[in-house]
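Below are the chains, spelled out letter by letter.
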Amino acid sequence: MFLLQSISKRFRSQLPPSVFRRFLSDTDSPASNSKLFVAGLSWKVDEKSLKDAFSCFGEVTGVQIMYDKNSGRSRGFGFVEFVKEDEASSAKNGMDGKAFLGRPLSISFAVDKVRGLPLIIPRVSTSR
DNA sequence: GTTGAGCGTT
């Protein structure tokens, strides 16, 4: 599904628009609406406490805290995914700027970045 | 044992 979105963006100029309307809304905002980028985390915050804090705003489907490969400790930011967008936005409105375990949180909508796709556009040769 | 803007895989 998300792969389809990335692929469709690449071949948008080569395919009729009716193909994309099924997958893309009228906005191709780079931010995913149901996933939040949560920064300003204290280094002792783990995923379960983060999920527990955000679960009161809605159903949390996934929590990811980025850890440093060398030190093994938190890098101070992570991602919280909700089932619905309004839950995510309400969680953002409710938690952004608020202190969590001693540190103020900086919450925004996550940018769609997926590990695995090289995002290589070898040729844009639509002409010939 | 420390530090503090940020958009990803420990």
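See the structure shown above.
Counting of residues starts from 1 at the beginning of each chain's written sequence and follows it residue by residue. Lettering of chains starts at A and numbering of ligands starts at 1, both following the order in which they are written. With the structure being a predicted model, the display of local features is reserved for residues of pLDDT at least 70 and the display and counting of side-chain atom pairs for 80 or more, all residues being used for whole-chain, interface and lining totals. Side-chain measures were taken over the full set of non-hydrogen atoms in the model, leaving aside hydrogen atoms and water.

K.L.:
Quick one: what's the story with the overall build of chain A, residue by residue and with numbers?
P.N.:
Within chain A one finds 3 helices and 6 strands. Along chain A, helices and strands appear, N-terminal first, in the series α-β-α-β-β-α-β-β-β. Only protein chains enter the accessibility calculation, which uses a 1.4 Å probe; a residue is then buried when its area is under 20% of its type maximum, exposed when over 50%, and partly exposed in between. The burial tally for chain A puts 27% of its 128 residues in the buried class. The contact criterion used is simple: two residues touch if any of their non-hydrogen atoms lie within 4.5 Å. The long-range share in chain A, meaning contacts at least 24 apart out of those at least 6 apart in sequence, stands at 59%. Methods summary: accessible areas were calculated by the Shrake-Rupley approach with a probe of 1.4 Å, and residue burial reflects only the protein chains presented. Counting every atom, chain A has about 9100 Å² of accessible surface; 54% of that belongs to carbon and sulfur. Put simply, DSSP H or I for four residues or longer makes a helix, DSSP E for two residues or longer makes a strand, and each gets a number counted from the N terminus.

K.L.:
Could you give me a rundown of the protein's contact with DNA strand B, with the residues and numbers involved?
P.N.:
Whether a residue is near a molecule or strand depends on its heavy atoms: it is near if one of them lies within 4 Å of it. Lining the immediate surroundings of DNA strand B are 22 residues, of which Leu41, Tyr67, Arg75, Ser108 and Lys113 lie closest. In DNA strand B, atoms within 4 Å of the protein come from the sugar-phosphate backbone in 23% of cases. Contact between DNA strand B and glycine 40: a base oxygen at 3.2 Å from a main-chain N or O atom of the residue. Taking arginine 103, its side chain carries an N or O atom lying 3.5 Å from a base nitrogen of DNA strand B. Mapped by element, the contributors of at least two residues to the surface near DNA strand B are β1 (31-39), β2 (60-67), β3 (74-82) and β6 (106-111). The residue makeup of the surface near DNA strand B, split by class, is 11 nonpolar, 5 polar and 6 charged. N or O atoms within 3.5 Å of each other form a polar contact, as long as, within protein, one can give a hydrogen and the other can take it, and as long as residues adjacent in sequence are counted only when both atoms are side-chain atoms. For this scheme, ten residues count as nonpolar: Ala, Val, Leu, Ile, Met, Phe, Trp, Tyr, Cys and Pro. Four count as charged, namely Asp, Glu, Lys and Arg, and the remainder, Gly too, count as polar.

K.L.:
Can you tell me about the pattern of salt bridges, naming the residues and giving the values?
P.N.:
The working definition used for a salt bridge is a side-chain nitrogen of Lys or Arg within 4 Å of a carboxyl oxygen of Asp or Glu. One pass over the structure, following the stated rule, counts 2 salt bridges. Here aspartate 46 and lysine 48 are joined by a salt bridge, their closest N and O atoms 3.0 Å apart. Note on aspartate 46: relative accessible area 23%, which makes it partly exposed. By relative accessible area, lysine 48 is classed as exposed at 62%. Two residues, aspartate 96 and lysine 92, come together in a salt bridge whose shortest N-O distance is 3.9 Å. On the accessibility criterion, aspartate 96 (31% relative accessible area) is partly exposed.

None of this, on its own, says anything about what the molecule does.
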